[in-house]
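Structural description and commentary
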Amino acid sequence: MGRGWTRWIGAALAVAALVTMLAALYAIFFVAPLEMTMGIAQKIFYIHVGSAMNMLLAFGVCALAGATFLAVRAPRARAMADAIGVATAEVGVTLGAIVLVTGPLWARKAWGTWWTWEPRLTLSLMVFLLFLAYLALRAFAGSDRFGRGVAAGLSIMGIPAIYFIHFAVERWGGAHPQVVYKGGLTVPGMKLAFWLSVLAVSLVTAALAYQRAVIETQRQAIDALFLELDRREGLP
Amino acid sequence: MRSTRSRVARVLAGLVLAAVASAAVAGTALAQEEPRDKAAAGAWDGSWRAGVDDSARDVVSGETMVVVAYGAVWAILFVYVLRLAADIRGLRRETEDLKRLVAGQGGKPPAS
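Residues numbered from 1 in each chain as written. Chains lettered and ligands numbered in written order. Predicted model: local features only at pLDDT ≥ 70, side-chain atom pairs only at ≥ 80, totals over all residues.

**Digging into the overall build of chain B**
- If you tally the helices and strands in chain B, you get 2 helices and 0 strands.
- Expressed as a percentage of its 112 residues, the buried residues of chain B come to 9%. (Helix = DSSP H or I, 4+ residues; strand = E, 2+ residues; numbered from the N terminus. Buried ≥ 20, exposed ≤ 12 C-beta atoms within 10 Å, placed from the backbone.)

Put into structure tokens, the structure is as follows:
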């Protein structure tokens, strides 16, 4: 794909993300009614859940990219899987930071406590730290193939936790509210705000991950050129 | 020269990430309040209300929580976008270094 297309896609995703995010904020604060029990604090829920869903999606894609990195032998496919892996891990950790900041703020008002060691919260923190470790490992490994392979293996370890976070409320209960797609949200204005928020955060995720993957691909190309220059100069 | 510089940068990046991880764990621990009741201290005992303290719900202002939450969302995204911009600037610098190195070898600089 040419550089022109790359820029065009990146810009289109960024504009779509910004416009949808503004629409979502309008729906959250001016369309969705105030929830009777929690009042205005319930509005944290929209961005919190949207971020959590996309965090899991980003970590899932990172794990798949890690599996691809380990499974395929073709250098270009490996490089692409590696770029997608690091991009989705970074964006997932960014969304994880949002989830871990907005969650306790919501919980303080909803449950009267900042944190409780219920299954979904504990697993979310663990997965966040797991992918933070993935990024730290990647940062240390640099272009070393073994280090990247270990990081890819680490990302695959996140898959069971991602599954359990998704089904934690259904399987083990916990203080989290009822699952949205099983009737947890019934008011039309709230539904609109919720799904617009999910769409907005999805587009933000896509825009950031795409841009990060492009940067990583260019970095790989530059590193390869430097290595080639070193080889020609006879440097070790 | 470049490989030493990039290795130092990688080690620094790893240390920063490790510090962030430690801060996240410490922040979570600090967020726990001194338990009023040891039984409701937050340890999950299998009931869906474990750790929930209804008496503390109305102590905090909902408006403050919303402002802090949405402010944090924008701040986190802004910091990440700034980081991406710094990465792009770094790539441009490396491309210029590469061009100079190629020119020094008498070769044709790569198209940017």
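**Overview of the confidence of the model for chain A**
- Per-residue confidence for chain A gives a mean pLDDT of 86, with 91% of residues at or over 70.
- The element-level mean pLDDT for chain A is lowest in helix α6 (residues 158–172) of chain A, coming to 72, with helix α2 (residues 44–71) of chain A highest at 94. (pLDDT = per-residue confidence, 0-100.)

**Here's the deal with the nonpolar core**
- Of all hydrophobic cores here, the largest spans 77 residues; its most connected members are A:Ile44, A:Ala58, A:Phe59, A:Phe131 and A:Ala193.
- Going through the elements one at a time, α1 (3–31), α2, α3 (75–110), α4 (119–141), α5 (145–156), α6 and α7 (188–233) of chain A together with α2 (62–104) of chain B are the ones with two or more residues in this core.
- Dropping the residues within four chain positions of it, A:Phe131 is found in contact with A:Phe59, A:Cys62, A:Ala89, A:Gly92, A:Val93 and A:Gly158. (Core = buried A, V, L, I, M, F, W, Y, C linked by C-beta atoms within 7 Å. Contact = placed C-beta atoms within 7 Å.)

**Here we look at the packing of α4(A) against α5(A)**
Residues and elements named next belong to chain A.
- Direction vectors running N to C along α4 and α5 enclose 175 degrees, while the axes themselves pass 9 Å from each other. The orientation of α4 relative to α5 falls into the category roughly antiparallel. Counted together, Leu130, Ala133, Tyr134, Leu137, Arg138, Phe140 and Ala141 of α4 and Gly147, Arg148, Val150, Ala151, Leu154 and Ser155 of α5 form the full contact between these two elements.
- The residue inventory of the contact of α4 with α5, partitioned by class, reads 9 nonpolar, 2 polar and 2 charged. (Axes fitted to C-alpha atoms, helices over the stretch in contact; angles between N-to-C directions. Parallel < 35°, antiparallel > 145°, perpendicular 65-115°, else oblique. Nonpolar A, V, L, I, M, F, W, Y, C, P; charged D, E, K, R; others polar.)

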